[in-house]
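Examination of the molecular architecture
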Amino acid sequence: MSLYDDAVLVLKRYEDQPELRQAYVDHLAAHPDGMWKACHAGHITASALVVDPEHGRVLLTLHRKLRMWLQMGGHCEPGDASLAAAALREAAEESGVAGLTLLPGGPVRLDRHPIPPPCHVHFDVQYAVLAPPGAVQAISDESLDLRWFAYDEVADMADESVVRLLEATRARL
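Quick summary incoming for the structure in this document. These numbers come from a predicted model, not from an experiment.

**Things to note about the nonpolar core**
Formed by 34 residues in total, the largest nonpolar core has its most connected members in Tyr-24, Met-35, Ile-44, Val-50, Leu-83, Val-125 and Tyr-127. Listed by contribution, the elements that provide at least two residues to this core are α1 (3-13), α2 (18-30), β1 (43-52), α3 (83-95), β7 (121-130) and β8 (143-150). The contact partners of Tyr-127, leaving out residues within four places of it in the chain, are Val-10, Ser-47, Ala-48, Leu-49, Leu-83, Ala-84, Ala-87, Leu-102, Gly-106, Pro-107, Val-108 and Leu-165. In terms of nonpolar packing, the next biggest core, distinct from the first, is built from 18 residues, Leu-70, Phe-149, Val-162 and Val-163 among them.

If you want it as C-alpha cells, here you go:
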C-alpha cells in the first residue's frame, strides 16, 4: 500500500473532527501529490506528542524556525510506509529517544495550520508516542531546545494546538 493510500484509509477511519477530516480527504483527492512538501497547495504532515505517563510529562521541542514549543513532527518521506510510521520516525529523530511506541488507536487529532510560503498549509495528522522508562532525549538540528514539561505546565509554554493534542492524548491514556 502506498503512503497516499494509507493516509486516505487512516483519515476515513478517523472518527473525530468530521468536517476537518473531510477537508483532509478532499485535499488528497484534489492533489495526488498532497503527501509531499512539493505540493504548494498544502500537504499532509505527521507529528507525535512524546508522553511519559508514569511521570505525567511530555517532551516538547523548541522549533528552530518557528521558535515555539511544539510536539515532534514534520514532512512525510518516500521511505515512510504509513502515516503512523512517519510520525514515529519524526518523534525518534527529533527527540533522540530510543524505544518510542505509538499509543494505540491511530491518530489522536488533526490540526490544519498555515505555514509561510512557498507552501501554504500543513494538514497535520497528530499521534502520541509513549516514552520508555528512563528515556533520554538528545537535541536534533531542528531544535533549539528539548525539554520535559509536566502536563500542567504545557498551557503556559505551548500554543493551543499542543494543549488540545495533550488533552486528547490524556483522554486516550
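There is more to say, and it comes next.
**Remarks on the pattern of salt bridges**
Taken as a whole and assessed by the stated rule, the structure comprises 7 salt bridges. Asp-80 is paired through a salt bridge with Arg-89; the nearest N and O atoms lie 2.8 Å apart. Residue Asp-145 is joined to Arg-147 by a salt bridge in which the shortest nitrogen-to-oxygen separation is 2.6 Å. Residue classification places Arg-147 among the partly exposed residues on the basis of a relative accessible area of 37%. What you see here is one network of salt bridges that share partners, running through Glu-77, Asp-80, Arg-89, Glu-90 and Glu-93.

**Thoughts on the packing of aromatic side chains**
Throughout the structure, instances matching the rule amount to 2 aromatic pairs. Taken together, a centroid distance of 5.0 Å and an interplanar angle of 80° make the contact between Trp-69 and Phe-149 edge-to-face. Of this pair, Trp-69 sits in strand β3 (residues 69-70) while Phe-149 sits in strand β8, and the two are 80 residues apart along the sequence. By the burial criterion, Trp-69 is buried, and Phe-149 matches it.

**A word on unusual backbone geometry**
One non-glycine residue with positive phi stands out, namely Gln-17, at about 50°. Judged by relative accessible area, Gln-17 falls into the buried class, the value being 19%. At Arg-67, a residue that is not glycine, the phi angle is positive and equals roughly 55°. Examined against the element boundaries, Arg-67 turns out to sit in the loop between β2 (57-63) and β3. Overall, the relative accessible area of 59% leaves Arg-67 in the exposed class.

**Some thoughts on the packing of α1 against α2**
It is at 9 Å that the axes of α1 and α2 come closest, and there the two elements cross at 155°. Considering their axes alone, α1 and α2 lie roughly antiparallel with respect to each other. With respect to the hand of their crossing, α1 and α2 are arranged in left-handed fashion. Taken together, the residues of α2 that come into contact with α1 (itself represented by Tyr-4, Ala-7, Val-8, Leu-11 and Lys-12) are Arg-21, Tyr-24, Val-25, Leu-28 and Ala-29. The class makeup of the residues in the contact of α1 with α2 is 8 nonpolar, no polar and 2 charged.

Thresholds, definitions, all that
- Residues numbered from 1 in each chain as written.
- Predicted model: local features only at pLDDT ≥ 70, side-chain atom pairs only at ≥ 80, totals over all residues.
- Heavy atoms only, no water.
- Core = buried A, V, L, I, M, F, W, Y, C linked by side-chain atoms within 4.5 Å.
- Buried < 20%, exposed > 50% of the residue type's maximum accessible area, 1.4 Å probe, protein only.
- Helix = DSSP H or I, 4+ residues; strand = E, 2+ residues; numbered from the N terminus.
- Contact = heavy atoms within 4.5 Å.
- Salt bridge = Lys/Arg side-chain N within 4 Å of Asp/Glu carboxyl O.
- Phe/Tyr/Trp six-rings, centres within 6.5 Å; stacked < 30°, edge-to-face > 60°.
- Axes fitted to C-alpha atoms, helices over the stretch in contact; angles between N-to-C directions.
- Parallel < 35°, antiparallel > 145°, perpendicular 65-115°, else oblique.
- Left-handed = near helix turned anticlockwise from the far one by under 90°.
- Nonpolar A, V, L, I, M, F, W, Y, C, P; charged D, E, K, R; others polar.

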